[in-house]
Amino acid sequence: MLSKRMQELASQKAKLIELEAAIIAERDAQLAGLHEELGYDTREDLIAALRALGKGKAKAKGKPGRKKSAPAEAAPAGAKKRRKRAKVTPEMRKQIEEAAKAGKTGAAIAKEFGVSLPTVQNIKRAAGLTRNSK
């Protein structure tokens, strides 16, 4: 009984390998003609357009009659910029632990050291300065 199921499993694996190979061949065939389908003379032209798109300098060189896509909208004027991620050094970690032991609040510590409140909480937890919920 078990060997029959093992043979069935091996048969299914072989079918899966064949299906995967067929899918890969079909994908490769589609990719080989993608540049022509999109209106580019060569693959290199398509690649150059994709690279330019990544740099925000895409040119609409596709088929005639295609419209250029609208440029990405800039952030609203009053939007806050994200601050740069703080590097927590071992010295800073030690100072944060000392501030927590001195009784300062997590929010005050975060503001003083320029880190987020979850960072302070993680440091306190690692130092064993928090109560367990259980």
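Remember, predicted model here, so these are calculated numbers, not experimental data. (Residues numbered from 1 in each chain as written. Predicted model: local features only at pLDDT ≥ 70, side-chain atom pairs only at ≥ 80, totals over all residues. Heavy atoms only, no water.)

(A) Inspection of the environment of Gly106 at higher detail. Considering the arrangement of structural elements, one finds Gly106 in helix α5 (residues 106-113). Taking relative accessible area as the criterion, Gly106 reaches 15% and is therefore assigned buried. Residues Gly106 and Pro118, 12 residues apart in the sequence, show an inter-C-alpha distance of 8.7 Å. If sequence neighbours within four positions are ignored, Gly106 has contacts with Leu117 and Val120. (Helix = DSSP H or I, 4+ residues; strand = E, 2+ residues; numbered from the N terminus. Buried < 20%, exposed > 50% of the residue type's maximum accessible area, 1.4 Å probe, protein only. Contact = heavy atoms within 4.5 Å.)

(B) Quick look at a nonpolar patch on the surface. A contiguous nonpolar surface patch, about 300 Å² in accessible area, is contributed by Leu16, Leu19 and Ile23. Mapped onto the elements, Ile23 comes out in helix α1 (residues 2-32). According to the relative accessible area criterion, Ile23 is partly exposed, its value standing at 48%. (Patch = residues over 30% accessible without salt bridge, like charges linked within 9 Å, V, L, I, M, F, W, Y side chains within 5 Å. Areas by Shrake-Rupley, 256 points an atom, 1.4 Å probe, with all protein chains shown as cover. Salt bridge = Lys/Arg side-chain N within 4 Å of Asp/Glu carboxyl O.)

(C) Spatial organisation of the nonpolar core. One finds Met92, Ile96, Ala99, Ala100, Ile109, Ala110, Phe113, Val115, Val120 and Ile123 forming the largest nonpolar core, which totals 10 residues. Of all elements in the fold, only α4 (90-101), α5 and α6 (117-126) reach the threshold of two or more residues within this core. By residue number, the principal contributor to this core is α4, which donates four residues. Aside from chain neighbours lying at most four places away, what touches Ala110 is Val115, Ser116, Leu117 and Val120. (Core = buried A, V, L, I, M, F, W, Y, C linked by side-chain atoms within 4.5 Å.)

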